[in-house]
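What follows is each chain in one-letter form.
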Amino acid sequence: MPKKRDEEASLTKPHSIRCRFCGQKNAVKADFKNGDAACGKCRLPLSDEPHKKFADLTKHDYVHPLDSKALAALRAIPGIDSALRKLLSVTGEAALRVIFTASSVKVTTKQFPDLHAKLQIACTTLGVDMPEMFVQQSPLVNAFTYGSEKHIIVLFSGLLEKLNDEETLAVISHEVGHIHAEHALYLTAARLIEALANASAAALIPGSEIAKFIISAGINSALLAWARRAELSCDRAGLLVVQDPHVIGRVMMKLAGGTSASKMDYDQFLEQGREFKKTCDEKALDKFWATWINAGQSHPFPIWRVGEILDWVESGEYQKVMNKD
Ligand SMILES: [Zn+2]
Ligand SMILES: [Zn+2]
């Protein structure tokens, strides 16, 4: 019968689907189901689900209350902004740029084009001008945002090897979140102070005298206490881009366990996060944090972070931001 032949034809005829993240048109098989194939441009899974881009997201829509509280305490220290700007100018924020340009591979439309597309997705979703992004060879599963004037995002190769495409988008979006939430000046200063906590590094950095002053004025401990809490806000920014809490959860699991996801039970990990949040003592965490930095760790407690992100989703606050025009 002719009707049956038409149905058969439509089942085998390829059609196209527009990537919900980057907008690229992709040819797919007629029997395509969501998640079957990846976009040729950004490599994220293709799906006909919508992806929200925010028209006027402000940091107040998602900033974690612990972040705003710690930031207010930090800003109350007299002269802090000028001291930190001085630290950055003498330690050479400009030098950081030279270091990254010389030792890392710059992400462009031709070099790591899928990472470039992911950066573009994060920036258009949150409403941020595109910063420069670099990939640096390092076994650490980590990423950073630097620069108080011109922002730079650095992704470590160890991170890219461990994470899948959606998880990589989550990390890039977390970093873009630092720019959107205007964390960059304090965050760059915090990273420098972390580096200075290592005595041999302090001797090499010409700003160490100012750094010593900052430490004696108590700016460093307030700054590091804030920096840890600022991560919670940017995990939320990451979620606002990937729009699936479990992608953030799996990133945290890989940050915590460091091994391949197939060896870890995700549900058990979530349970661990929930339990941790119930008994979490902030002051004790601050104490541990100091030791943690000395041990060379820069990003805090994935277990704590997953508990916090689950809480934000379960409170309905996440959905409220998603429903914003
Ligand atoms: Zn795409
Ligand atoms: Zn961060």
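Quick note: structure is the one above.
On to the overall build of the protein, then. In terms of helices and strands, the protein carries 16 helices and 6 strands. Scored against the burial criterion, the 325 residues of the protein give a buried share of 50%. Sequence separation of at least 24 residues holds for 68% of the intrachain contacts in the protein that already meet a minimum separation of 6. Split by element, the accessible area of the protein, about 16,100 Å² in all, is 55% carbon and sulfur.

Here the focus is the coordination of the zinc ion (ligand 1). Donor atoms from the polypeptide that coordinate the zinc ion (ligand 1) comprise C19 (SG), C22 (SG), C39 (SG) and C42 (SG), at 2.3 to 2.4 Å from the metal. Here the zinc ion (ligand 1) binds 4 donor atoms, and the angle range of 103 to 120° at the metal identifies the geometry as tetrahedral. Here the donor residues of the zinc ion (ligand 1) share one chain and are spaced in sequence as C-x2-C-x16-C-x2-C. With a gap of 20 residues between them, C19 in the loop between strand 1 (15-18) and strand 2 (25-28) and C39 in the loop between strand 2 and helix 2 (65-75) connect regions that are remote in the sequence.

What the 4 strands build is an open sheet, ordered 3-4-6-5; its pairing is mixed. Strand pairing shows two members of the sheet lacking a second neighbour, strand 3 (105-106) and strand 5 (143-146), which therefore form its edges. Where strand 5 meets strand 6 (residues 152-156), 4 bridges bridge the pair, whose relative direction is antiparallel. Bridge pairing in strand 6 links A143 to L155.

Let us now look at helix 2. Taken together, the buried positions of helix 2 are L66, D67, A70, L71 and L74. Along helix 2, the residues classed as buried sweep out an arc of 130° about the axis, all on the same side. Along helix 2, the residues that are exposed and aim more than 90 degrees away from the buried face are P65 and K69.

Moving on, we come to the packing of helix 12 (residues 245-257) against helix 15 (residues 302-314). Packed helices, taken two at a time, are described by the angle between their axes plus the distance between the axes. Closest axis-to-axis distance for the helix 12/helix 15 pair is 9 Å, and the angle between their directions is 170°. In terms of axis orientation, helix 12 runs roughly antiparallel to helix 15. Counted together, P245, I248, G249, M252, L255 and A256 of helix 12 and P302, R305, V306, I309 and V313 of helix 15 form the full contact between these two elements. Looking at the contact of helix 12 with helix 15, its residues break down into 9 nonpolar, 1 polar and 1 charged.

Quick look at the nonpolar core now. Core analysis: the largest hydrophobic core is formed by 57 residues, its most contacted members being V176 and L240. Of all the elements, helix 5 (residues 113-126) adds the most residues to this core, at 7 residues. Residues within four places of L240 in sequence aside, it is in contact with F54, L57, Y62, T125, L126, W312, Y318, V321 and M322. Counting 23 residues, the second-largest nonpolar core is a separate cluster that includes L185, W226, A227 and A230.

Let us look at unusual backbone geometry. For F112, which is not a glycine, the phi torsion comes out positive at approximately 55°. You can see F112 is positioned in the loop between strand 3 and helix 5. Residue Q243 is not a glycine yet carries a positive backbone phi of 60°. With respect to the helices, strands and loops of the structure, Q243 is situated in the loop between helix 11 (219-242) and helix 12. For Q243, a relative accessible area of 17% translates into the label buried.

For the structure shown, the criterion picks out 4 aromatic pairs. Judged by centre distance (5.8 Å) and plane angle (80°), the rings of Y186 and W226 are edge-to-face. You can see Y186 sitting in helix 8 (residues 184-196) and its partner W226 sitting in helix 11, a full 40 residues away along the chain. Between W312 and Y318, the aromatic rings sit 5.7 Å apart at their centres with planes inclined by 55°, giving tilted as the arrangement. Overall, W312 belongs to the buried group, its relative accessible area being 4%. We classify Y318 as buried; its relative accessible area is 8%. In textbook terms, an aromatic cluster arises when at least three aromatic residues are bridged by ring pairs, as seen for F144, Y146 and F156. A cation over an aromatic ring shows up here: R228 above the ring of W304, its NZ or CZ 4.7 Å from the ring centre. When the ring centre of Y266 is taken as reference, the NZ or CZ atom of R250 above it lies at 5.7 Å.

Quick notes on the rules
- Residues numbered from 1 in each chain as written.
- Chains lettered and ligands numbered in written order.
- Predicted model: local features only at pLDDT ≥ 70, side-chain atom pairs only at ≥ 80, totals over all residues.
- Heavy atoms only, no water.
- Helix = DSSP H or I, 4+ residues; strand = E, 2+ residues; numbered from the N terminus.
- Buried < 20%, exposed > 50% of the residue type's maximum accessible area, 1.4 Å probe, protein only.
- Contact = heavy atoms within 4.5 Å.
- Areas by Shrake-Rupley, 256 points an atom, 1.4 Å probe, with all protein chains shown as cover.
- Donors = N, O, S within 2.8 Å, 3.2 Å for Na, K, Ca; no water.
- Tetrahedral: all angles 85-135°; square planar, octahedral: opposite > 155°, others 65-115°.
- Pairing = 2+ DSSP bridges.
- Arc of directions from axis to C-beta.
- Axes fitted to C-alpha atoms, helices over the stretch in contact; angles between N-to-C directions.
- Parallel < 35°, antiparallel > 145°, perpendicular 65-115°, else oblique.
- Nonpolar A, V, L, I, M, F, W, Y, C, P; charged D, E, K, R; others polar.
- Core = buried A, V, L, I, M, F, W, Y, C linked by side-chain atoms within 4.5 Å.
- Phe/Tyr/Trp six-rings, centres within 6.5 Å; stacked < 30°, edge-to-face > 60°.
- Lys NZ or Arg CZ within 6 Å of the ring centre and 35° of its normal.

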